[in-house]
Amino acid sequence: QVQLVESGGGLVQAGGPLRLSCAASGLTFSSYGMGWFRQAPGKEREFVAAISRYGSTRYPDSVKGRFTISRDNAKNTVYLQMNSLKPEDTAVYYCAADRDSTIAPAISTKAYDYWGQGTQVTVSS
């Protein structure tokens, strides 16, 4: 069965960096698009970053220039490097896998077939 396991969350001061990892198993990782989403209390889950099976990436304006998604197909792992963190980045961060990956990475939650359990990121001011 497919498993996505996030790690790397924690408490960080504003302006600091944090790197999240998502280890995938039970799927042909290199053929999947991968995404990161986040959900703050009382808010909807929102798109943070995505990388297609071809390596193309997409970000919303809120994180562009601060966050970088990357993947290591040899390790079945996708990463999210987060720099210049802000208190508004505080949320539970989820990793997701899209089996119908095209050149353009998907940004909708509906496009993703599998989800991890999430990892908490808290940014203090």
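See the structure above.
Predicted, not measured: the structure shown is a model, and the values here were computed from it.

J.: Could you give an account of the overall build of the protein chain, with specific residues and numbers?
T.: Scanning the protein chain from terminus to terminus reveals 0 helices and 11 strands. Starting at the N terminus, the α and β elements of the protein chain follow one another as β-β-β-β-β-β-β-β-β-β-β. On C-alpha atoms alone, the protein chain measures out to a radius of gyration of 13 Å, which is about the 14 Å that the 2.2 N^0.38 rule sets for 125 residues. By its C-alpha atoms, the protein chain is 40 × 30 × 25 Å across when sized along the principal axes. Split into buried and exposed, the 125 residues of the protein chain put 43% on the buried side. Residue pairs in contact within the protein chain that sit at least 24 positions apart in sequence constitute 61% of those at least 6 positions apart. Accessible area of the protein chain: about 6400 Å², with a carbon and sulfur share of 46%. Within the protein chain, the 10 negative side-chain charges are centred at a point lying 3 Å from the centre of the 13 positive side-chain charges.

J.: If you had to explain the sheet that holds strand β3 (residues 18-25) to someone new, which residues and values would you point to?
T.: Reading across the sheet, the 4 strands line up as β1-β3-β8-β7 and stay open at both edges, with antiparallel pairing between neighbours. Only two strands of the sheet have a single neighbouring strand rather than two, namely β1 (3-7) and β7 (67-72). For this sheet, the mean inter-axis angle between neighbouring strands, taken without regard to orientation, is 15°. By the bridge criterion, 6 bridges tie β3 to strand β8 (residues 77-82) in an arrangement that is antiparallel. Residue pairing across strands places L20 opposite L80, the latter belonging to β8.

Rules of the game
Residues numbered from 1 in each chain as written. Predicted model: local features only at pLDDT ≥ 70, side-chain atom pairs only at ≥ 80, totals over all residues. Heavy atoms only, no water. Helix = DSSP H or I, 4+ residues; strand = E, 2+ residues; numbered from the N terminus. Rg over C-alpha atoms; globule rule 2.2 N^0.38 Å. Buried < 20%, exposed > 50% of the residue type's maximum accessible area, 1.4 Å probe, protein only. Contact = heavy atoms within 4.5 Å. Areas by Shrake-Rupley, 256 points an atom, 1.4 Å probe, with all protein chains shown as cover. Lys, Arg positive; Asp, Glu negative; His and termini not counted. Charge placed at Lys NZ, Arg CZ, Asp CG, Glu CD. Pairing = 2+ DSSP bridges. Axes fitted to C-alpha atoms, helices over the stretch in contact; angles between N-to-C directions.

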